[in-house]
Amino acid sequence: MVPRRRDEPHRSATPLELFFDLCFVVAVAQAGLQLVHSLADGHPGSGVIGYAFVFFGVWWAWMNFTWFASAYDCDDVPYRLATLVQIAGVLVYAAGIPRAFSDNDWAIAVSGYLIMRLALATQWLRAAAAERGQARSTALTYVVGIALCQAAWVVLLFAPQESRHWLFPVVLVAELLVPLIAERHHETPWHAHHIVERYGLFTLIVLGETMAASTVAVQSALDEHQAVAELLPIAGGGLLIIFSAWWIYFAVPAHERLISNRQAIPWGYGHVLIFGSAAAIGAGLEVAIEHAVGVAHISEVAAAAAVTIPAAVFLLIVWLLHARHFERGPLEQLLLPLAALAVLAVTFAGGWAVLAAGLVLAATVAVGVTISSRSHALTT
């Protein structure tokens, strides 16, 4: 397992990586489903907190594998088997999400995490065996960090219920510190273009899951209630939101900014909000559909906010991580933040809020394309 070259030409995602992403979306779907139940039942506070906790586990496991693979993917039999073990672990984790979400019972979820982390630690040991000097120390630091954090999650299972609420964030912060500590003297040889492609592909898959969940919700509502007039604005607005989210995310070449860990780590960490908000849009659309047919007993504003808030978060974080670094004039710089405010404002548009949010995002895309075209024409 020798390190890959950071300047390797034509580096792209492998079929195993794509398979890995698709299996992880099973856990994303489970987290979204639990969020739908909480929001529709009128428990937004506990629902958002539970969603944040379980989604962090999905994202962090995915991110750990993705950056390791970018640096050390040798695609031999042991590497493939270890990756398949990690996939099995995330499926166990996904099976434990409902209990973790509703009953604060993390036994199954942590068991799945233990499977994933053991496989990942094995991969880092292989990398350490092939490295020398600071690179070897970095790999071994990852092994120690992963082992300690995983031990902490297991210990947390036996902690008193009332103490878990403050112990969980402590272990979470420790997880986030592991890469910072491991790579403080030596950066792993991740590939910028490959990393950006991997993040883009996972964004696509999450948006696809959002589309699928919304379609199933519309179908179920039509089968049971025949509420076509109420569902059409939500369906149309949902399509516009998802289409526009795709367009906005892929509008700029993010790999050009990822020169070192100084840019890459905040960018990589920040994507938890992009992935989480993209998946939450789908959950919000399901809640809006349930409200439209009278299943969700919450206010109209609450049902609309389930869509508009994650959509606004998506716009702001994409602007923060991507767009602001490539935009020139003040209008370009303000476009996405102003669009996020407009999306939040249409929360009070009643049954038309989702459609209005979709129209705002579509208009944002149109304005952005127009500005970009004019800027390109002026420079050429």
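As the structure is a prediction and not an experimental result, all values here were calculated from the model. Every chain is numbered on its own, with residues counted from 1 as its sequence reads. Only residues with pLDDT of at least 70 get local features here, since the model is predicted, and only at 80 or more are side-chain atom pairs given and counted; chain-wide, interface and lining totals rely on the full set of residues. For the side-chain quantities, the full set of heavy atoms in the structure was used; hydrogens and water were omitted.

1. Comments concerning the overall build of the protein
Put simply, the rule reads: Only runs of H or I of at least four residues qualify as helices and only runs of E of at least two qualify as strands under DSSP, and these elements are numbered from the N terminus. When a residue's accessible area, from a 1.4 Å probe over protein chains only, is under 20% of the maximum for its type it is buried; when over 50% it is exposed; and in between it is partly exposed. By definition, residues are in contact when any of their heavy atoms lie within 4.5 Å. The Shrake-Rupley method, run with a 1.4 Å probe sphere, supplies the accessible areas, and residue values consider only the shown protein chains as cover. In this tally, Lys and Arg are treated as positive and Asp and Glu as negative; His is ignored, and so are the chain termini. Where a charge lies is defined by one atom per residue type, namely NZ (Lys), CZ (Arg), CG (Asp) and CD (Glu).
Counting its secondary structure elements, the protein contains twelve helices and zero strands. The order of α-helices and β-strands along the protein, N terminus first, is α-α-α-α-α-α-α-α-α-α-α-α. Overall, the protein is about 65 × 60 × 35 Å in size when its C-alpha atoms are taken along their principal axes. In the protein, buried positions account for 51% of the 380 residues. Counting only contacts in the protein whose residues sit at least 6 apart along the sequence, the fraction spanning at least 24 positions is 80%. About 16,600 Å² of surface is accessible on the protein, with carbon and sulfur atoms providing 69% of the total. When the 18 positive and 26 negative side-chain charges of the protein are each reduced to one mean point, those points stand 14 Å apart.

2. Points about the nonpolar core
Applicable threshold: To qualify as a nonpolar core, a set must consist of buried Ala, Val, Leu, Ile, Met, Phe, Trp, Tyr and Cys residues joined through side-chain atoms within 4.5 Å.
Counting 120 residues, the largest nonpolar core has F24, Y93, W124, Y199 and W267 as the members making the most contacts within it. For this core, the element with the highest residue contribution is helix α2 (residues 44–72), accounting for 16 residues. Among all residues touching F24, those that are not within four sequence positions of it are V58, A61, W62, V90, M116 and F202.

3. Things to note about the pattern of salt bridges
Worth spelling out the cut-off: One side-chain nitrogen of Lys or Arg within 4 Å of one carboxyl oxygen of Asp or Glu is enough to make a salt bridge.
Overall, the coordinates contain eight salt bridges when judged by the stated rule. When the shortest N-O distance is used, the salt bridge between D21 and R198 registers 2.5 Å. Here R198 lies in helix α7 (residues 192–225) and D21 lies in helix α1 (residues 15–40), a separation of 177 residues in the sequence. Of the two residues, D21 and R198, both sit in the buried class. Note that R80 is salt-bridged to D75, the shortest N-O span being 2.9 Å. Judged by relative accessible area, R80 falls into the partly exposed class, the value being 43%. For D75, a relative accessible area of 37% translates into the label partly exposed. Among the charged side chains, a salt-bridge network with shared partners connects E17, D21 and R198.

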